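What the coordinates show
What follows is the residue order along each chain.
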Amino acid sequence: MTLHPEDLRVRQLGERRYDSPLADLLSTKQTSPHYVAEGDRVLLEDTVSMLAGHGLPSDQVPSFEAAGPRRKIYFDPANVTAGVLTCGGLCPGLNNVIRGLVQELAVHYGVKRIVGFRNGLQGLTAQHRDDTVELTPDAVRDIHTAGGTILGSSRGGQDADEMVDSLVARGIDILFVIGGDGGMRAATFLGAAIRRRGLEISVIGVPKTIDNDLPFTDQSFGFQSAFARATDFISAVAVEAAASPNGVGIVKLMGRHSGFIASYAALAANAADIVLIPEIPFVLGGAEGLLAHVERHVRAKGRVVIVLAEGAGQDLLEDHGLATDASGNLKLGNIGELLKDSITAHLTGAGLAPTIRYIDPSYAVRSIAANAYDSVYCLRLAHAAVHAAMAGCTEAAVARWRRRFVHVPLSLMTSRRNQVDPDGDLWLSVLETTCQPAEFGPARQRERVRAGFC
Ligand SMILES: Nc1ncnc2c1ncn2[C@@H]1O[C@H](COP(=O)(O)OP(=O)(O)OP(=O)(O)O)[C@@H](O)[C@H]1O
Ligand SMILES: O=P(O)(O)OC[C@H]1O[C@](O)(CO)[C@@H](O)[C@@H]1O
Ligand SMILES: [Mg+2]
């Protein structure tokens, strides 16, 4: 995937004519290992060979606009009305982001009107646009201690022009969309509809997803909290499997198309013998298949612990990929049940009748409050989002990229999916930790498309 400077350029609503209330704080700021000055840029790539591969002078290699406060801003804070919504699946930290946005807007920029739209994009329909939550610093003071979102969320598409009509009707100048890949796509279409109508409304995305499947962000907020919670279930199943004859522990974790939760939780628990993720297909039967490996493991160690991403092995299920939810996301078949049944049948046939311990924590990993790391991360993303919006950036998301906060054009945010790279160092760590074979079944020619950014 080749990115050109124009792919990385963030759209600006217009000239920044107002002094920022934060200007005093910025007077001595310059780029350092701990700060990226206004106007400086953050490199897309971070190895010598990748940079050299461009054959370009260093100021022309692909780079992101740095996030952060600007000395001059586009919006007059006294006249700004901001809107906030959360959409898609729940994710630890949604309330932290809402709180951070409101505090930064109100306390530092003096924005008086902040409107929370209820239940995701549904809140922007003509029917629901007046049923909003007034967001004040007092109203959000304690919300970050709870999981979920005080605004509610939803799946399902809405008409972009109807949503723009709602923004106009409510006098919204800035809309913050806190969402996953679908939410970022919706924000992209909303931004385009606003542009077509010549309106000066900033749309800023704050990318969230426990699946960590969004590109151009080191990790999405909530992911760390979710995989930390998932770790507990792996540890539990490992204890159970170890205490039972031919113990087989299986944990099925969320991860529709990306196996980050399964991989990180398995590394954190350091108790898994096999990790199965959507990115790496596997076969059940045959000498190199999963079942034969499970049997060998149980014979040698007396037990086996398997961590499974819900999207793994979908090709092994009948009718896979046929149904979708209201947002168009694939409804997954239950690979956990298939594995449980196949392993039971195989081990029983091999004279190793197993004790199966199967846990599907499902929503339990994402409905929790953010942990300390995610809480900090959410707050800082919220600050970056407010600075971007007040400066007049639009059709952009804020993200942390190679430890720096940056602006990513929304179109780029939805251009690909972040997945575990089978040739990357994360998966290598999983293989080193589990000692499982690189693949179950005949070696395949893997698509190289996954190797790239992220
Ligand atoms: N291509 C699209 N165009 C317009 N709206 C979209 C598009 N894709 C998704 N949306 C809308 O964005 C909202 C959120 O999408 P979705 O339900 O897929 O969750 P998400 O934001 O991807 O979060 P997560 O992946 O964490 O569950 C939904 O209301 C959905 O209808
Ligand atoms: O909230 P729903 O519609 O049950 O969807 C669950 C999906 O949402 C996610 O939590 C986030 O995309 C996935 O991991 C999971 O497959
Ligand atoms: Mg999604």
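All values derive from a computational prediction rather than experimental measurement. (Residues numbered from 1 in each chain as written. Chains lettered and ligands numbered in written order. Predicted model: local features only at pLDDT ≥ 70, side-chain atom pairs only at ≥ 80, totals over all residues. Heavy atoms only, no water.)

**Notes on the domain arrangement of the protein**
Interface size is often expressed as the accessible area that is lost when the parts come together. Domain boundaries assigned for the protein yield domain 1 (5-220 + 370-413) and domain 2 (224-367 + 421-434). Computed from C-alpha coordinates alone, the two centres of domain 1 and domain 2 are separated by 35 Å. Taken together, both faces of the contact between domain 1 and domain 2 bury some 1500 Å²; the carbon and sulfur share is 46%. Considering only the side of domain 1, the residues that lose the most area to domain 2 are Arg155, Ile210 and Asp211, jointly responsible for 38% of the buried surface there. (Domains from an automatic or database assignment. Buried area = accessible area lost by both parts, 1.4 Å probe.)

**Focus on the site of ligand 1**
Near ligand 1 there are 19 residues, and of these Gly156, Asp181, Gly182, Lys208 and Ser327 occur at the shortest range. At 2.8 Å from an oxygen atom of ligand 1 is found a main-chain nitrogen or oxygen belonging to Gly183. Taking 620 Å² as the accessible area of ligand 1 by itself, protein coverage stands at 85%. Here the shell around ligand 1 takes six residues from helix H6 (residues 181-196), the largest share from any one element. Across the shell around ligand 1, the residue classes break down as four nonpolar, 11 polar and four charged. (Near = heavy atom within 4 Å. Polar contact = N/O pair within 3.5 Å; in protein donor to acceptor, adjacent residues only side chain to side chain. Areas by Shrake-Rupley, 256 points an atom, 1.4 Å probe, with all protein chains shown as cover. Helix = DSSP H or I, 4+ residues; strand = E, 2+ residues; numbered from the N terminus. Nonpolar A, V, L, I, M, F, W, Y, C, P; charged D, E, K, R; others polar.)

**Digging into the sheet that holds strand S7 (residues 113-117)**
Strand order in the open sheet made by the nine strands is S3-S4-S17-S16-S10-S9-S6-S7-S8, with mixed pairing throughout. Two strands close off the open sheet at either side, each with one partner strand: strand S3 (41-43) and strand S8 (132-134). Sheet twist, expressed as the average angle between the axes of neighbouring strands with direction ignored, equals 35 degrees. Bridge count between strand S4 (residues 63-66) and strand S17 (residues 404-409): two bridges; the pairing is antiparallel. Each bridged residue has a counterpart across the sheet, and for Ala66 the counterpart in S17 is Val406. (Pairing = 2+ DSSP bridges. Axes fitted to C-alpha atoms, helices over the stretch in contact; angles between N-to-C directions.)

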